[in-house]
Amino acid sequence: MNVETEQLDNRMARMTVVVESDRLDEARKSAARKIARQVRIPGFRKGRAPYRVLASHVGEAAILETAVEDLGMALYPDALGETGLDPYGPGTLEDFEQEPDPTFRYTLPLQPVTDLGDYRSIRREFAPPEVSDSDVDDALLALQEREALVEDSPRPVAAGNRVHATVTATVLDEEEGSEAAGEAAAGEADGEGDGEAAAGRQFMDGQQLVLSLTPQREPAPGFTEALLGAAGEEQRDFELQYPEDEDRHGTLSGKRVAFSVVVRKIELVTLPELNDDFAARVGAGDGEGDGDAEATSLLTLRVQTRERLNAEAGEQAMTAYAREVLETIIEGATFSWPEALVQDQMEHLLLRMDHDMRQRGLTLDDYIRMSGTTREALKEESRDNAEALIRHTLTMAELSRAEGIEISEAMLEEEIGRSIARFGDQAEAFRSMYDNEDMRQNLRNELQTRAVMERIAGIARGELADEDSPEADAEGETS
């Protein structure tokens, strides 16, 4: 057997296998016996007809076709083992030539290849967030609200109440040319909608909310005033202008919004006084401090609260920073993968879509039928998302390899111990959850991701020199 390979585009390869004529002759005889057991030939029991009779009955071409198919399948694994190729998936017999020697040609997808480039030269500034006094005040207010005395109110809405309400909200002045404005304009052209509400983007539709009508908590300036005096089950319709403050109001900053609010329940809220007694009651022993000592004074509680907020804000900022670094690495990387990988990823996205729909009582087939599309068309629509996921997955895998990041069993067990410790005396009862291999693998993947993100964040901040990389260490050992 002679085996030759040829690299094709898009991580595909062609494998050409030439064998002796004797191998094909034996395969042809074997194919004839196989076919003879499947067909009935007058005058002969199944499997007993001579070759020439069988060939006359089914044709030499049918015997050869079966022989080529069976021999091709038998040759493939042995031939592949000689090539050293690393296939992504199964190969396909694309061509066969009988003369001058039996020749089989296969195409097969290869594993994807990732080149991250000089990712260790990436540098990005990281500015730790600062927790302000107002952030601490808000956190302490949340503690007060948690400990507040709440009673049903028989009177109409007043400032300081807590209101359970059904809220519909529509942005009225989307910028011209925006996607939302374009959809609204299309709705008007079709005769849908009525008046002003149809000209904007609805971002709440009958949402059930619990609203605190205080200056610190109201959804928008003027919201409390618009509800003052409303009775239970009364509806109030009003418009409010959000201030230009993206930090507080996000995408609603500077927008005019129409609200339709139905008051369902009105509550009186009496906040506990913010003093040393309150601090002692809700301090570190209740999870709001550093866990080393209970807060014995309001000042101690403020210090502990600031420390907690700083830790949370720092963790969130570092997570966002690492994601930005990862996107920079992906943008600078080059990838090569077979189409089979994309097809598999698109199929996975469809299965996930089907799973999500089943949670809502539908199936993917229901959606396809209602939308008038096809499964293949829906699958193709997911191509961009599929390729983005592939880039992300390949980058994370290559970073793990290049940085030598592996999660050992000891590291896994240590994390399991931390995870179950929060259950206190019942901790060991929860350890059995991690006897499930899927649970262990999910946790291992989470730890792997966390370790990679921490590593690239350290690289981008300039905390890890090139000499710290595993590849540099390997080079040093061989020099």
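Remember, it's a predicted structure, so these values are computed and weren't measured experimentally.

*Asks:* What is the right way to read the sheet that holds strand S1 (residues 2-7) from this model?
*Replies:* Working definition: the strands of a sheet are paired by backbone hydrogen bonds and lie parallel or antiparallel to each other. Overall, antiparallel pairing links the four strands, which are arranged S1-S2-S4-S3 in an open sheet. Every interior strand has two partners, whereas the edge strands, S1 and strand S3 (92-97), have only one. Going from strand to strand, the sheet's axes swing by 20° on average, the running direction of each strand aside. With seven bridges connecting them, strand S2 (residues 12-18) and strand S4 (residues 103-109) associate as antiparallel partners. The residue bridging Thr16 from the neighbouring strand is Arg105, located in S4.

*Asks:* For this particular structure, what's the right way to read the confidence of the model for the protein?
*Replies:* Predicted coordinates in areas of low pLDDT are best not read in detail. Averaged over all residues, the pLDDT of the protein equals 87, while 88% of them reach at least 70. Low pLDDT, under 50, characterises residues 287-292; the stretch is placed with 15 contacts to residues that sit more than four places away or in other chains.

*Asks:* How should helix H10 (residues 339-358) be read in this particular structure?
*Replies:* Helical periodicity: at 3.6 residues per turn, an α-helix aligns residues three or four positions apart in one direction. The end-to-end C-alpha separation of H10 is 29 Å, in line with the 28 Å expected for 20 residues at 1.5 Å each. When we look at burial in H10, the residues that qualify are Leu341, Val342, Gln345, Met346, Leu349, Leu350, Asp354 and Met357. In this structure, the buried side of H10 is in contact with helix H11 (364-371), helix H12 (375-381) and helix H13 (383-403).

*Asks:* Sorry, what's going on with the side chain of His249 here?
*Replies:* On the secondary structure map, His249 appears in helix H7 (residues 246-249). Exposure remark for His249: the relative accessible area of 13% places this residue in the buried category. For His249, the contacting residues outside a window of four places in its chain are Pro219, Pro221, Tyr242 and Pro243.

*Asks:* Is there a simple way to explain the environment of Val58 in this structure?
*Replies:* With respect to the secondary-structure elements, Val58 resides in helix H2 (residues 51-58). Sequence-wise, Val58 and Ile35 are 23 residues apart; in three dimensions their C-alpha atoms are separated by 8.8 Å.

*Asks:* Help me understand a nonpolar patch on the surface in this model?
*Replies:* On the surface, a nonpolar cluster with roughly 280 Å² of combined accessible area is contributed by Leu362, Tyr367 and Met370. Note that Leu362 resides in the loop between H10 and H11. Judged by relative accessible area, Leu362 falls into the partly exposed class, the value being 33%.

*Asks:* How do you make sense of a negative patch on the surface when you look at a structure like this?
*Replies:* Negative charge collects at one region of the surface, where Glu20, Asp22, Glu26, Glu99 and Asp101 lie side by side. Counting through the fold element by element, Glu20 comes out in the loop between S2 and helix H1 (21-36). In this structure Glu20 comes out as partly exposed when scored by relative accessible area, which is 44%.

*Asks:* In this structure, what is going on with the environment of Asp22? I would like to understand it.
*Replies:* On the secondary structure map, Asp22 appears in helix H1. Residue classification places Asp22 among the exposed residues on the basis of a relative accessible area of 59%. Placed 79 residues apart in sequence, Asp22 and Asp101 show a C-alpha to C-alpha distance of 9.9 Å.

*Asks:* Would you mind going over the nonpolar core with me for this structure?
*Replies:* Nonpolar side chains tend to gather and get buried jointly when the protein is soluble and globular. Of all hydrophobic cores here, the largest spans 29 residues; its most connected members are Met15, Val17, Phe104 and Leu108. Taken together, the elements giving at least two residues each to this core come down to S2, H1, H2, helix H3 (60-83) and S4. The element best represented in this core is H3, accounting for eight residues. Sequence-distant contacts of Leu108, that is, excluding residues within four places in its chain, are made with Arg11, Met12, Ala13, Met15, Tyr76, Leu80, Leu85, Pro87 and Gly91. Listed in part, the 23 residues of the second largest apolar core include Val157, Val167, Leu211 and Phe238.

*Asks:* Looking at this structure, I do not really get the packing of helix H4 (residues 133-146) against helix H9 (residues 298-332). What am I missing?
*Replies:* Each pair of packed helices gets described by two things: the angle between the helix axes and the distance between those axes. At a minimum axis separation of 10 Å, H4 and H9 run at an interaxial angle of 110°. When the interaxial angle is binned, H4 and H9 end up roughly perpendicular. Residue-level inspection shows Asp133, Asp135, Val136, Asp137, Ala139, Leu140 and Leu143 of H4 in contact with H9, the latter providing Leu301, Arg302, Thr305, Arg306, Arg308 and Leu309. In terms of residue class, the contact of H4 with H9 is made up of six nonpolar, one polar and six charged.

Calculation rules
- Residues numbered from 1 in each chain as written.
- Predicted model: local features only at pLDDT ≥ 70, side-chain atom pairs only at ≥ 80, totals over all residues.
- Heavy atoms only, no water.
- Pairing = 2+ DSSP bridges.
- Helix = DSSP H or I, 4+ residues; strand = E, 2+ residues; numbered from the N terminus.
- Axes fitted to C-alpha atoms, helices over the stretch in contact; angles between N-to-C directions.
- pLDDT = per-residue confidence, 0-100.
- Contact = heavy atoms within 4.5 Å.
- Expected span 1.5 Å × (residues − 1).
- Buried < 20%, exposed > 50% of the residue type's maximum accessible area, 1.4 Å probe, protein only.
- Patch = residues over 30% accessible without salt bridge, like charges linked within 9 Å, V, L, I, M, F, W, Y side chains within 5 Å.
- Areas by Shrake-Rupley, 256 points an atom, 1.4 Å probe, with all protein chains shown as cover.
- Salt bridge = Lys/Arg side-chain N within 4 Å of Asp/Glu carboxyl O.
- Lys, Arg positive; Asp, Glu negative; His and termini not counted.
- Charge placed at Lys NZ, Arg CZ, Asp CG, Glu CD.
- Core = buried A, V, L, I, M, F, W, Y, C linked by side-chain atoms within 4.5 Å.
- Parallel < 35°, antiparallel > 145°, perpendicular 65-115°, else oblique.
- Nonpolar A, V, L, I, M, F, W, Y, C, P; charged D, E, K, R; others polar.

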